[in-house]
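Remarks on the overall topology
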Amino acid sequence: MSKYASLFSDDNQDSSEGEEQDFVPYQMLLVDDEPNVLNALKRVFRKESYVINTASNADEALKYLSNNTCQLVISDFKMPGMNGAQFLQEAKKLYPQMIRIMLTGQADTDAVMAAIKDGAVYKFILKPWNDDDLRVTVALAFEQYELVKKNNELKKQNLNKAKEISSLVKLNVTNKSQLAIMLNKKGLLTDKQVQEVHKLQQIKKKPIIKSLLDRDWVDESLVRKILQKDMLMDEIDLREAKIDPEVSSLLPAAFCDYHLVMPVAADDHSLTLAMADPLDTGLTDDLRFIIGVEVRSVLASSTSIKDKIHDTYEDAALEEIESFMSNSDPFEGIEVVIDDDDELSLEDLLHSTEEPPAIRLVNAIILEAIRLKSSDIHIHPKTKHIVIRYRMDGVLHDKIHIPLSMHMALVSRIKVMAELDITERRRPQDGRITIKTPMRVVDLRLSTLPTINGEKIVMRLLDRNASLQGLDELGLSVPNLMKIHNLVTRPQGIILSTGPTGSGKTTTLYAMMQHNLTSEKNYVTIEDPVEYFMDSASQVMVKEKIGFDFATALRSILRQDPDVILLGEVRDFETAEVAFHAALTGHLVYSTLHTNSAITTVTRLIDYGLKPHVIAAALQAVVAQRLVRKICSHCKESCTVSQEILHQLGEVFSSSTINYYSGKGCTRCNNTGYSGRAAIYEILIPSFEMLDLISTNASFIELAQQAQKEGMVTLIEDARDKVDQGITSAEEVLRVLGSQVIA
């Protein structure tokens, strides 16, 4: 028997035959107004064991669905009356679990994308289709249907189990508390009250202390004083107690909440248990038997115990995760694309469908980031929980809190996706993940960092589906745009784009490279990773793990007869030397550098070890830039800016003729007042005088004075113009560029 036979058959032959007899074929509905297309589709599935039904329009299909059940529907888009997108949206209302596929040759792209975003379409396939691809797509869709069905059944089972556990929490413990009797002897409870609480304990298994507190028959603070004085009970302040997750895991949250107890500390021989009722010897005896160690009782208030349970087990956070991970469309998900030649075994693939919560949680975190158009995901462990933060329009936002107990599983899952060492937690690691969703393919650059609370993970999202921008779309001022137009026509030299990480440097370089794109030239890019995809260029991705770095790749590319080279980043002397050598030998080189301004780029290159005369011979231009948030066009209004902000922005903002605007905040911008981002630029095109200063290793001050003399527009000056035009606000400029006042 094949080694995979156990995955498809049971050891008991009779059992297998019984299952085959109960087999129910899948129901499929085909909707198209062209009979020839319907017949062609039926022929595709003629050898499959599907029950195929057809309809010639949306109304006929909806009528059929109102009386019959289908697992899958394939619909054309362009039909008389209701189109395919509208039909599938209506079909989703009838059967949310039904898989919906759109098949069309010509469609309104906006309408189709709206249907996909709304969750009405599971898959979008173009005509003419490939028969084999269509068969595979439908087979995978039915498999997905079964997985969702199985998942729903498991949810029901889990709900039933939770109810059973809740009942067991009440039944499993023998209550022998003498608290009510002691209070009766003190004259704080009547005989009738004692009988009532003991009756509740016997019938409903309700702890004595809970019955007393619920009825407000006795003041809890008075009870604690009596227990301390008469019974010599030690009291603990749970607000100051830091409880180890391994200790809290000894007792479930539901148990602790029901019996008003909290495990505080443990060793090999004993467990310290904070109790609202330390006289409940039945509870401590049962725990001693179950856990296998001595139980030491300490006194604590019921309020502090409940607060500590909430902080430690974080039930509220779990509910938030459940809401965060829930999805109206059960077929939305992601696929991890592993950059490896090794194929997974069939057994691994089949067993991988049983996904643990960590996998679903990571998927949900990434999908939410894609939905919110975030540029970065921060997974930040803190003392009591993990914070998931998304960077949107350059600003970080806290989105969800996750229990600290899930940190290890969360980090391990992400490391597995990035093919990192999951056993290494003491050193930083870098990796990458490629994510394929139903809508797009996204690359994630991943970095881990050990902190005192655990490993922090930051992921940068790079959308492969992002479209290239033209020079006219970059938001350049008219003088700067003219400068860039002149630059891109130069046949050789090096053009550098500078700024911090995430300031749009690569976007600017791609816009410049594609401006005069022609088939007469050979275009090559070297990146880590590839941020935009351009069919006209040969794009190379650096792989540091195998020693294929920027310098090595660039040397190899120079033997490929390139005309235009885009180098992702100049990181060191070796890369800089090869790049400038290429620029001096007849190639046009675009690259990026991390500097604060255009002038400091020259000094940075000298610091790398390049000779000043080499820099002067090859350097064509330096484009420094930043990204600022744009004021929301739907709630923009005129405003006044405080003198303190204007003072911080310096003399450039001292003019009284500048117009100031701000965003009031609306639903379109999530009440932030900002929507999208724009770039501010500082372009240095060195003149002969500037090149002479560079070649003689002039100081930064001399270079800056020469640039000012030649009329270079600085970042703060370009930002002022964009504030006056109502593109951004003065507060945003101060946030991005900082104070311009030198104390």
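The text that follows walks through the structure, step by step, so that each part is easy to find. Just so it is clear, the structure is predicted and the values come from calculations on it, not from any experiment.

Digging into the sheet that holds strand β6 (residues 261-266)
With mixed pairing, the three strands of this open sheet are ordered in space as β6-β7-β8. Edge positions in the sheet fall to β6 and β8 (294-299), since each of these pairs with one other strand and no more. The mean angle between the axes of side-by-side strands here comes to 30°, regardless of whether they run parallel or antiparallel. Here strand β7 (residues 270-275) runs beside β8; their pairing, made up of six bridges, is parallel. From the neighbouring strand, T272 faces β8, where its bridge partner is R296.

Details of the pattern of salt bridges
A complete count under the given rule lists 22 salt bridges for this structure. Across the pair R391 and D376 runs a salt bridge whose closest N-O atoms are separated by 3.9 Å. With a gap of 15 residues between them, R391 in strand β11 (residues 385-392) and D376 in strand β10 (residues 376-381) connect regions that are remote in the sequence. With a relative accessible area of 25%, R391 lands in the partly exposed category. With a relative accessible area of 6%, D376 lands in the buried category. The shortest N-O distance in the salt bridge between E574 and R555 comes to 3.1 Å.

Some points on the packing of aromatic side chains
As enumerated under the stated definition, the model contains five aromatic pairs in all. Within the aromatic cluster, the residues linked to one another by ring pairs are Y26, F45, Y50 and F142. Above the plane of the ring of Y674 lies R629, whose end atom (NZ or CZ) is 4.1 Å from the centre. Its end group placed over the ring of Y661, K636 keeps NZ or CZ at 5.5 Å from the ring centre.

Some remarks on the environment of S49
Within the secondary structure, S49 sits in the loop between α3 (35-44) and β2 (50-55). Linking S49 and Y26, residues 23 residues apart in sequence, is a C-alpha distance of 7.6 Å.

Some remarks on the sheet that holds strand β1 (residues 26-31)
With parallel pairing, the five strands of this open sheet are ordered in space as β2-β1-β3-β4-β5. Two strands close off the open sheet at either side, each with one partner strand: β2 and β5 (123-126). Averaged over all neighbouring strand pairs, the angle between strand axes comes to 20°, with direction disregarded. Lying on the sheet, helix α4 (residues 58-67) is in contact with β1 and β2; it crosses β1 at an angle near 160°.

Procedures and definitions
- Residues numbered from 1 in each chain as written.
- Predicted model: local features only at pLDDT ≥ 70, side-chain atom pairs only at ≥ 80, totals over all residues.
- Heavy atoms only, no water.
- Pairing = 2+ DSSP bridges.
- Helix = DSSP H or I, 4+ residues; strand = E, 2+ residues; numbered from the N terminus.
- Axes fitted to C-alpha atoms, helices over the stretch in contact; angles between N-to-C directions.
- Salt bridge = Lys/Arg side-chain N within 4 Å of Asp/Glu carboxyl O.
- Buried < 20%, exposed > 50% of the residue type's maximum accessible area, 1.4 Å probe, protein only.
- Phe/Tyr/Trp six-rings, centres within 6.5 Å; stacked < 30°, edge-to-face > 60°.
- Lys NZ or Arg CZ within 6 Å of the ring centre and 35° of its normal.
- Contact = heavy atoms within 4.5 Å.

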